[in-house]
Amino acid sequence: MCGIVGAIADRNIVPILIEGLRRLEYRGYDSAGVAVLNSSGHLRRLRTVGKVKMLQDAIVETPTDGQLGIAHTRWATHGVPSERNAHPHISRDGIAIVHNGIIENHEELREELTSLGYTFTSETDTEVIAHRIHHHKQKLGDIFRAVRATVAELEGAYALAVVSEDSPDRIILARAGCPVVIGVGNNENFVASDVSALLPVTRKFIFLDEGDVAEIRRQDVRVLDAEGNTAHREVRESALSADAAEKGDYPHFMLKEIFEQPRAVAQTLEERVAGGKLLEAAFGPLATEIFRRTEAVQIVACGTSYHAGAVAKYYIEQIARLPCWVEIASEYRYRNPVVPKNTLFVTISQSGETADTLAALRMAKQSGYLSSLSICNVPESSLVRESELVLLTRAGPEIGVASTKAFTTQLTALGMLVVALAKHHGADAERERGLVQRLIEIPGLIEKTLHLEPTIKELAKRFADKHHALFLGRGQMHPIAMEGALKLKEISYIHAEAYAAGELKHGPLALVDADMPVITVAPNNDLLEKLKSNLQEVRARGGELYVFADPDSGMQSSDGVTIITMPKHVSHFQAAAVYSIPLQLLSYHCAILRGTDVDQPRNLAKSVTVE
Ligand code: G6P
């Protein structure tokens, strides 16, 4: 999704803007641009299609510097990826803006502006905002007031940063529905879509609230809330280090993040489980009372986070014996759900900014749920701030678009939720101790599974030229098969589908032939024998089977069947996290062999802040 960076300082801010954009690359984008006020007070704009590197090269060719500027990476919504649609957009008299989000009433505003004599050079909704600001500024005389008048007319979601030639001492910001943070420096201030962009220049941040409009000068930040009252927004220190978002010795962020999983999962458990117990206060001060009253759970999420929720449903039902429903946010928010009494509403999100998940939470808060819980990786995110209970996954920044460590830490956090619910619904201290012990063992089991990398790398050679693949699993391994298929399609562009293995004969079996690899996750559980029968059905049709199996499964490699032996003693409660690892590695190595852009796959974005 689009990224914003801005800076005002007593030094040349162009390198800061470019480094900020580079650090936001993970969000996904198709073009980039920068607008800087140069020493003679004129706005200089450069825009390029493609990577930030292209913009950097353009700046070398056309030297650009200044002490005030804004920059942007664009992920196309209105209008194709092209230079003229790239941000910043400008209006008359040297007004420039960058925008994240979507303006829903842009057509009507555009018509009115056309009749007022404004001409448009792009197909974007953003250009409408630039001209609206100019239009209001003519009447109101001041850029801050003009931005406030403009945002009052906008319907939709936005984070905006605005500069104007006649106000060389400030950047104006506005936020509604899209994240934006202010980085506080020493006699200099910054702006960005998220903190990672600014970590090389500051650790201090101000998070704007919904509806805020702010004015940033070198030494001063002024914020007005949605009602126009002066608002005090706290300065918070980020615990992230500047190199948290660097690749280090790994060729790709995705591989680095796959190998960070033992540590990330261990960190997620730290201080939250001790002495064989789960410390449920980790969810928030009201957690004990809320879990005690919980009679059902509704989980809502998108993408990989949805798959984590789909796994949790099995555990919540089997272990805590509470009914649980899971739904993708973009569907849930447009239903009119019937909410059973005392249902806990749970959102899961890596970013905490996914527009559909956030909208679902806001809707749920009006729908009579018992309470809301967010399982999220970003402490300052909107989802965290708007939920009553929170359990942060401590995965650290996840940069690869394909989610890996965020997923296994979500499974871990959900495991803790299962224990918390089970405690209040029949599990005794011994049961609790047993479950906590299973959670503590997960990092070690993941570590062992990572040793399979060389085997999986070899295996990937047999997939790289395939056009399709099927993933099978049963029970809580069905969502793991879904996650495996999602990983393969998103980064290697091989069409992949997942099925609950028992459903195979109701359709997908027709697709099975020697050209269709069938990948199966087969831990040693009570569905193993059933799964083996399903695999016979594949083999009988000439399908090539690749099975990630428990050493005690009794399965052996044979003609057309490749067994990859997983670590021993993986219990039911651990299998989802552990068996997702080889599927991540498989898709990574397939993507490498196919030469795709592993960390930033085509058409995708990391943080989907539009509907
Ligand atoms: C995008 C990302 C996925 C992610 C999904 C949900 O599609 O590419 O990796 O699973 O959004 O994002 P969230 O931040 O809510 O987990």
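Rules used in this analysis
- Residues numbered from 1 in each chain as written.
- Predicted model: local features only at pLDDT ≥ 70, side-chain atom pairs only at ≥ 80, totals over all residues.
- Heavy atoms only, no water.
- UniProt positions renumbered as here; feature names shortened; annotations may be inferred.
- Pairing = 2+ DSSP bridges.
- Helix = DSSP H or I, 4+ residues; strand = E, 2+ residues; numbered from the N terminus.
- Axes fitted to C-alpha atoms, helices over the stretch in contact; angles between N-to-C directions.
- Contact = heavy atoms within 4.5 Å.
- 1 Å grid on protein atoms, 1.4 Å probe; cavity = no way out; pocket = protein on both sides within 12 Å on 5 of 7 lines; lining within 4 Å.
- Points joined across faces, edges and corners; volume = space filled by probe spheres on them.
- Nonpolar A, V, L, I, M, F, W, Y, C, P; charged D, E, K, R; others polar.
- Polar contact = N/O pair within 3.5 Å; in protein donor to acceptor, adjacent residues only side chain to side chain.

Named according to an unreviewed UniProt entry, the chain is Glutamine--fructose-6-phosphate aminotransferase [isomerizing] originating from Povalibacter uvarum. As stated in UniProt under Subunit (unreviewed entry), the record for the chain gives "Homodimer." Its UniProt record gives the chain a comment under Catalytic activity (unreviewed entry), which states: "D-fructose 6-phosphate + L-glutamine = D-glucosamine 6-phosphate + L-glutamate".

Undergrad: I would appreciate a short explanation of the sheet that holds strand S2 (residues 31-37) in the present structure.
TA: The strands making up a sheet are joined through hydrogen bonds of the backbone, oriented either antiparallel or parallel. Spatial strand order, S3-S2-S4-S1-S10-S9-S11-S14: eight strands in an open sheet with antiparallel pairing. The sheet is open, and its two borders are formed by strand S3 (43-49) and strand S14 (235-237), each paired with just one other strand. Strand after strand, the sheet turns through a mean of 20 degrees between neighbouring axes, direction not considered. Here strand S11 (residues 204-207) pairs with S14 via three bridges, running antiparallel. Note that in S14 the partner of phenylalanine 205 across the bridge is arginine 236. Contacts between helix H1 (residues 14-23) and the sheet are confined to strand S1 (3-8), S2, strand S4 (68-74) and strand S10 (189-192), with S1 contributing the most and set at about 160 degrees to the helix.

Undergrad: In this structure, what is going on with empty space enclosed by the protein? I would like to understand it.
TA: Space left empty within the atom packing is revealed by a probe, the size of a water molecule, rolled over the atoms. The tally for this structure, following the rule as stated, stands at five cavities of 30 Å³ or more. Its boundaries defined by the atoms lining it, the largest cavity holds a volume of some 110 Å³. Tallied by class, the residues present in the lining of the largest cavity amount to four nonpolar, eight polar and two charged. Its volume calculated, the second largest cavity comes out at about 60 Å³. In terms of lining, the second largest cavity is formed by Tyr315, Leu411, Thr412, Gly415, Leu439, Ile442, Phe573, Gln574, Ala576 and Ala577. Those elements that place two or more of their residues in the lining of the second largest cavity are helix H13 (405-424), helix H14 (429-450) and helix H18 (575-594). Among the elements that take part in the lining of the second largest cavity, H13 stands out by supplying three residues, more than any other. Among the residues forming the lining of the second largest cavity, the class breakdown is seven nonpolar, three polar and no charged.

Undergrad: Would you mind going over the environment of glutamine 261 with me for this structure?
TA: Looking at the secondary structure, you find glutamine 261 in helix H7 (residues 261-269). Measuring from C-alpha to C-alpha, the distance between glutamine 261 and glutamate 529 comes to 30 Å, with 268 residues separating the pair along the chain. Apart from residues lying up to four places away in sequence, glutamine 261 is in contact with Thr404, Lys405, Thr408, Ile446, Ile581 and Gln584. Here glutamine 584 takes part through its side chain, which lies 2.8 Å from a polar atom of the side chain of glutamine 261.

Undergrad: What am I meant to see in the sheet that holds strand S23 (residues 495-500) here?
TA: Within the open sheet, the five strands sit side by side as S23-S22-S24-S25-S26. Their pairing is parallel. Each edge of the open sheet is held by one strand with a lone partner, namely S23 and strand S26 (561-565). Here the average twist between neighbouring strands, direction ignored, is 20 degrees. With three bridges connecting them, strand S22 (residues 468-473) and strand S24 (residues 517-522) associate as parallel partners. Bridge pairing in S24 places leucine 470 opposite valine 518. Packing against the sheet, helix H16 (residues 477-492) makes contact with S22, S23 and S24, and its axis sits at approximately 175 degrees to S23. Each of S22, S24, strand S25 (544-549) and S26 touches helix H17 (residues 528-540); the most contacted strand, S24, lies at about 170 degrees to it.

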